[in-house]
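One letter stands for each residue in the lines below.
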Amino acid sequence: MPDGKMGKRPSMKLHLIVPAIAALVCASCEKTQEEDPFFKEPVPETFEFVNATVSYYGDTYMSGVSDLWLIELTDGTSHDDSGNTESGYRINISLNSRTGLDETPELARLEGNYRMPSNSGDMSALTYNQGYLTEEDRPNGSVTIPAGSYLIHENDDYASADLLREGYCSVNVDDNGTVTIEGIMIGTEYLKRYFKYTGTPTVTDRTDGDTSAVPNTNLTGDIELSSLSATRLVDKGDSYYLGDQSYRNFEFYIADEGIDLSQQWPGGDGELIRLEIFVPWETDPTDGVPAGTYTVPENIPPSGGIYKTDIVPFRIVPGYPDKFTNNTGTWYQYMENGKWVRYARITGGTVTVERPEGRYRITADLTDCGDPAHHVTFTWEN
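Residues numbered from 1 in each chain as written. Predicted model: local features only at pLDDT ≥ 70, side-chain atom pairs only at ≥ 80, totals over all residues. Heavy atoms only, no water.

### Here's the deal with the packing of aromatic side chains
Turning to step 1, where the next piece is worked out: Evaluated as defined, the whole model comprises 13 aromatic pairs.
Turning to step 2, where the next piece is worked out: Here Tyr247 and Phe278 contribute two aromatic rings whose centre-to-centre distance is 5.2 Å and whose plane-to-plane angle is 75 degrees, an arrangement assigned as edge-to-face. Taken together, the positions of Tyr247 in the loop between strand E17 (228-237) and strand E18 (248-256) and Phe278 in strand E21 (residues 270-279) put the pair 31 residues apart, joining distant regions of the chain. Accessibility classification places Tyr247 together with Phe278 in one group, the buried group.
Turning to step 3, where the next piece is worked out: Put simply, the rings of Phe324, Trp331, Trp340 and Tyr343 touch in pairs and so form one group of aromatic residues.
Turning to step 4, where the next piece is worked out: Its end group placed over the ring of Trp281, Arg248 keeps NZ or CZ at 4.3 Å from the ring centre.
Turning to step 5, where the next piece is worked out: The positively charged end of Arg355 is found above the aromatic ring belonging to Tyr360, 4.0 Å away from the centroid. (Phe/Tyr/Trp six-rings, centres within 6.5 Å; stacked < 30°, edge-to-face > 60°. Helix = DSSP H or I, 4+ residues; strand = E, 2+ residues; numbered from the N terminus. Buried < 20%, exposed > 50% of the residue type's maximum accessible area, 1.4 Å probe, protein only. Lys NZ or Arg CZ within 6 Å of the ring centre and 35° of its normal.)

### Remarks on the confidence of the model for the protein
Turning to step 1, where the next piece is worked out: Scored by pLDDT, the protein has a mean of 86; 84% of the residues are at 70 or more.
Turning to step 2, where the next piece is worked out: The low-confidence segment residues 1-33 (pLDDT under 50) makes 4 contacts with residues lying over four places distant or belonging to another chain. (pLDDT = per-residue confidence, 0-100. Contact = heavy atoms within 4.5 Å.)

### Describing the environment of Gly100
Turning to step 1, where the next piece is worked out: Residue position: Gly100 is located in the loop between strand E6 (89-97) and strand E7 (112-115).
Turning to step 2, where the next piece is worked out: A sequence separation of 35 residues divides Gly100 from Val65, and the C-alpha atoms of the two residues are 9.5 Å apart.

### Topic: the pattern of salt bridges
Once the charged atoms of two side chains with opposite charge are near each other, the side chains can pair.
Turning to step 1, where the next piece is worked out: Scanning all chains against the criterion turns up 13 salt bridges.
Turning to step 2, where the next piece is worked out: A salt bridge links Glu136 to Arg138, with the shortest nitrogen-to-oxygen separation between them at 2.9 Å.
Turning to step 3, where the next piece is worked out: Measuring nitrogen to oxygen at the nearest pair gives 3.0 Å for the salt bridge that ties Glu381 to Arg361. Residue Glu381 is located in strand E26 (residues 375-381), and its partner Arg361 is located in strand E25 (residues 361-368); the two are separated by 20 residues in the primary sequence.
Turning to step 4, where the next piece is worked out: The class of Glu381 is exposed, set by a relative accessible area of 51%. (Salt bridge = Lys/Arg side-chain N within 4 Å of Asp/Glu carboxyl O.)

Written as structure tokens, this is what we have:
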């Protein structure tokens, strides 16, 4: 019967087609697994680190719940087939340890199992700070760098760091002071990073607030400036907004002939001193810098700047830390083609200004923020 015949045909076609489809699917799967790298499980990397640097910052962010530590682990150097030395891997781990352990030996305060935070603002004890990218100001422009917890190959660009976001890190200290740091962390490259270090690192105390990776002075000895000839004075008025007409802020440049002072930020070639000083409010900028002895305050806030009690005439504003691109305060610079080559943030010393018959004689003995400090001296007349 027609109905009966028609009822069998779909069944026959189904038996013929399904095996063909299955064979096609299986062939496709086999080809994909062989040729498509996205279907291959990457082999996790294990890093055995041999060097460790441990820095203790205390409750630098005033969280009230934890202390900040930074661990930097490196695997040393390796050599290529030609025998050339090349850098290896480095992992930075930012940890929030327990507080109230002042009587405990330094490294033992770090003991514990550290987990991922519940959010980016979670600084609770026994969490780590996840990796992120940030802008860092440097003498010749800002750069993007990784911060928090991250893994990087030393030859790679900072922006290519694997920013670690998940996993755990454990720190154990035995009775002999030997530290074992190990864990598994996963970052923006979606790879498991197995790492381990065993050794006896020293701890650097950075509770003075120095968190910068960029030195604020690169002087290796004392500097005497002997060819200063050009000047520029900028009246910044009540730049600290006290509103009481108790001082006036002058920005005063003294520079070599090769330095271009025509723009807001100097360029060219040569040396210069950028002085930021307080003068009496009634000073007429067209008369220049008043005679007197100007001094850098003995007490400077750890984070930079100047205390209100020192915002008075005849004080020198110390250089603000980590301010390079738009530097503030008093700095020494040596430039080549507009680039900082040698520089120093000034944090001490005196400048004596004499005005014989309206002319200038300026004698300076300034010191930088180095340890030990270096002297920057000059005598300039016009």
